[in-house]
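Here's the letter readout for the chains.
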Amino acid sequence: MVLVYTSASIVLFLLRLETSVIKPEAAKERKISGPIEVKAIVSSHDKRDDFGRLLEWKNYFGLPIREVLPMGEVDDNFAKKFKKRLLRSGFQLSPGKYSWESLLAYLIETPCNKHAYSARQSGWVDGQFVTPAVYVGDFAGDSLVESGSILDWQQTIGKYCRDNPIMILAVCTALAAPIIGWTDLESFGIQIVGSSKSGKSTVMKVAASIYSDQTYWETWSSTSNGIESIARARNNMLLCLDEFKQCPAQEIDQLI
């Protein structure tokens, strides 16, 4: 996903009026928040759903944080859920009576000519590959983790796959997952069967290392709804499920 930016960076002020008539000499400027930027208008790819605003702010330590304010939350008691997320992140919001209402009005009304797509799952969107680490919208799953270089992987993992057909199969499956959508092939699963301690989990971990660390693989012990959420998060990517024996027998057909 490509996100483009606007240069609107602000520190908001609230005007306190002494009378019902607006007089410049009677007004007093008052800071209501720290800097926050509207980076882009967000919507679904067809521009008909999932509208929001992509925001970026800095917390007390100056660390940049980026998140989407969904328009669906705006009427939820003045977007209280998003307000809590801002405050938890270390965003500076003055305790004035109208601070949050004034900030929210700015975030909703400020003009912005940049656009970003939202995605509810990983995978290809308009020719770009969306992952949990770079996304806009409701998304299930953990972020992919990058560690080391491809040379490190080749020296510490790849070389041990030589002359091992099961390991080669695992690596090729992981590499094929993102491009299967560009072919006429159906998605498929490979089940590795063997006795205990025969290396099945090791094979799975090697395949998962193409994408992330040990947090990437899951087990069959999750509920059917849980696995459905995990599968959506792994769309166009490899899905690793360990411990098949933990899957409830009455749910196997439904899950598959």
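Rules of the game
- Residues numbered from 1 in each chain as written.
- Predicted model: local features only at pLDDT ≥ 70, side-chain atom pairs only at ≥ 80, totals over all residues.
- Heavy atoms only, no water.
- Helix = DSSP H or I, 4+ residues; strand = E, 2+ residues; numbered from the N terminus.
- Buried < 20%, exposed > 50% of the residue type's maximum accessible area, 1.4 Å probe, protein only.
- Contact = heavy atoms within 4.5 Å.
- Areas by Shrake-Rupley, 256 points an atom, 1.4 Å probe, with all protein chains shown as cover.
- pLDDT = per-residue confidence, 0-100.
- Pairing = 2+ DSSP bridges.
- Phe/Tyr/Trp six-rings, centres within 6.5 Å; stacked < 30°, edge-to-face > 60°.

1. Notes on the overall build of the protein
In terms of regular secondary structure, the protein is built from seven helices and 11 strands. By the burial criterion, 35% of the 256 residues in the protein qualify as buried. Considering only intrachain contacts with a sequence separation of at least 6, the fraction spanning at least 24 residues in the protein is 55%. Of the roughly 16,300 Å² of accessible surface on the protein, 53% is carried by carbon and sulfur atoms.

2. Section: the confidence of the model for the protein
Here the protein averages 78 in pLDDT, and 77% of its residues register 70 or above. Note that pLDDT drops below 50 for residues 1–23; the model gives that stretch 66 contacts with residues more than four away or on any other chain.

3. Some points on the pairing of strand β4 (residues 36–43)
With eight of eight residues buried, β4 is to be regarded as a mostly interior element. Direction of pairing for β4 relative to strand β5 (residues 52–58): antiparallel, over a ladder of six bridges. Its bridge partner being in β5, Val-38 is matched across the sheet by Leu-55. Bridge count between β4 and strand β7 (residues 115–117): three bridges; the pairing is parallel. Across the sheet, Ile-41 pairs through a bridge with His-115, a residue of β7.

4. Details of the packing of aromatic side chains
To describe a pair of aromatic rings, you give the distance between the ring centres and the angle between the ring planes. Within this structure, the stated rule accounts for three aromatic pairs. Relative to Phe-82, the ring of Trp-57 lies with its centre 6.2 Å away and its plane at 85°, an arrangement referred to as edge-to-face. Of the two residues, Trp-57 is situated in strand β5 and Phe-82 in helix α1 (residues 80–88); the sequence distance between them amounts to 25 residues. Their ring planes at 75° and their centres at 6.4 Å tell us that Trp-57 and Phe-91 sit as a pair that is edge-to-face. Linking Trp-57 in strand β5 with Phe-91 in the loop between α1 and α2 (99–109), this pair joins segments that are 34 residues apart in sequence.

5. Quick word on the pairing of strand β6 (residues 64–70)
Pairing analysis gives seven bridges linking β5 to β6, with the strands arranged antiparallel. Bridge pairing in β6 places Arg-53 opposite Leu-69. Remark: five residues form the turn of the hairpin made by β5 and β6, two consecutive strands paired antiparallel; Gly-62 in that turn has positive phi of roughly 80°.

6. Examining the environment of Thr-202
Topologically, Thr-202 is positioned in helix α5 (residues 200–208). In this structure Thr-202 comes out as partly exposed when scored by relative accessible area, which is 43%.

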